[in-house]
Amino acid sequence: MSEAEILLGQAAELGVTLDASQAATLLRYEDLLARRAVPLGAVSRSDATRIRDRHILDCLRAAPLLHGDDVACDLGSGAGLPGIVVAVAEPLVRVLLVESRAKRAAFLEFAVQELRLSNAQVVVGRAEELRLGVDACLARAFAPLPLAWSVAQGILRPGGRLIYFAGAELGDPAVPDGAALEAVVRTAVLESAGPLVIMTRQ
């Protein structure tokens, strides 16, 4: 079985339907992360041999939640996790990769060009300073939940959602002012992954 076929099966277990072209793009991205993002420090060296399990598949969990959205914003995108992954999986969603650090933003620009992602755009700057009115914000390894919500609240349209990648130890999340808790999504397939906490802007 080829790596693309394995990835297609792994995605299907997460409820994500990819075609062969999308699988091939994610495999190229996996290679870019190993060759360029790890030396840059945007992905931990300890994750270099398990990028798919720790990062690609973990990020894919969010893709179905964006289905039907127009614009999503990846807060503190770093190496493009989860923004680039969901841009590949949901080509009809425009994904803004927000990153303030110049070297990581340069990697994102390179990755978007190499992967030919016409629906992904790098925004160089601090997420806290943006006022956009997007459908969804993604926060993975960005900030604790209250701070992530505080930043997302200024970027989301009314009714827009924050999709927050929580740690495995998450208890009952506190709901900040101005937010409604929509769901806490746990993924049994990825035992080491924490839940996705989805909050809606009132």
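Refer to the structure printed above.
Residues numbered from 1 in each chain as written. Predicted model: local features only at pLDDT ≥ 70, side-chain atom pairs only at ≥ 80, totals over all residues. Heavy atoms only, no water.

On to the sheet that holds strand E6 (residues 179-185), then. With mixed pairing, 7 strands are arranged side by side in an open sheet as E3-E2-E1-E4-E5-E7-E6. Each edge of the sheet is formed by a strand with only one pairing partner; in this case those strands are strand E3 (120-124) and E6. Across the sheet, the axes of successive neighbouring strands diverge by a mean angle of 20°, strand direction being ignored. Of the strand pairs in this sheet, strand E2 (residues 94-99) and E3 are connected by 5 bridges, and their pairing is parallel. The residue bridging Leu-96 from the neighbouring strand is Gln-121, located in E3. Sheet strands touched by helix H6 (residues 145-153): strand E1 (71-75), strand E4 (134-139), strand E5 (156-165), E6 and strand E7 (196-201). Its angle to E5, the strand with the most contacts, is close to 150°. (Pairing = 2+ DSSP bridges. Helix = DSSP H or I, 4+ residues; strand = E, 2+ residues; numbered from the N terminus. Axes fitted to C-alpha atoms, helices over the stretch in contact; angles between N-to-C directions. Contact = heavy atoms within 4.5 Å.)

Looking now at the side chain of Arg-140. Take Arg-140: it is sitting in the loop between E4 and H6. Of note is the side chain of Arg-140, whose polar atom sits 3.2 Å from the side chain of His-55. At a separation of 2.9 Å, a polar atom in the side chain of Arg-140 contacts the side chain of Asp-58. Beyond its immediate chain neighbours, meaning those up to four positions away, Arg-140 contacts Arg-54, His-55, Asp-58, Cys-59, Leu-81, Pro-82 and Phe-165. (Polar contact = N/O pair within 3.5 Å; in protein donor to acceptor, adjacent residues only side chain to side chain.)

This part takes up the pattern of salt bridges. Applying the stated criterion across every chain yields a total of 11 salt bridges. Here Asp-47 makes a salt bridge to Arg-50, at a shortest N to O gap of 3.2 Å. We classify Asp-47 as buried; its relative accessible area is 5%. Judged by relative accessible area, Arg-50 falls into the partly exposed class, the value being 35%. Residue Arg-126 pairs with Glu-128 through a salt bridge whose shortest N-O separation is 3.4 Å. For Arg-126, a relative accessible area of 44% translates into the label partly exposed. A relative accessible area of 34% places Glu-128 in the partly exposed class. Residues joined in a network through salt bridges with shared partners are Glu-3, Glu-30 and Arg-52. (Salt bridge = Lys/Arg side-chain N within 4 Å of Asp/Glu carboxyl O. Buried < 20%, exposed > 50% of the residue type's maximum accessible area, 1.4 Å probe, protein only.)

A separate point is the packing of aromatic side chains. Applying the stated criterion across every chain, the model contains 0 aromatic pairs. In this structure, Arg-36 is placed above the aromatic ring of Phe-110, and the distance from its NZ or CZ to the ring centre is 4.1 Å. Over the ring of Phe-165 we find Arg-140, and its NZ or CZ is 5.9 Å from the ring centre. (Phe/Tyr/Trp six-rings, centres within 6.5 Å; stacked < 30°, edge-to-face > 60°. Lys NZ or Arg CZ within 6 Å of the ring centre and 35° of its normal.)

The quantities given are spatial measurements derived from coordinates; they are silent on function.
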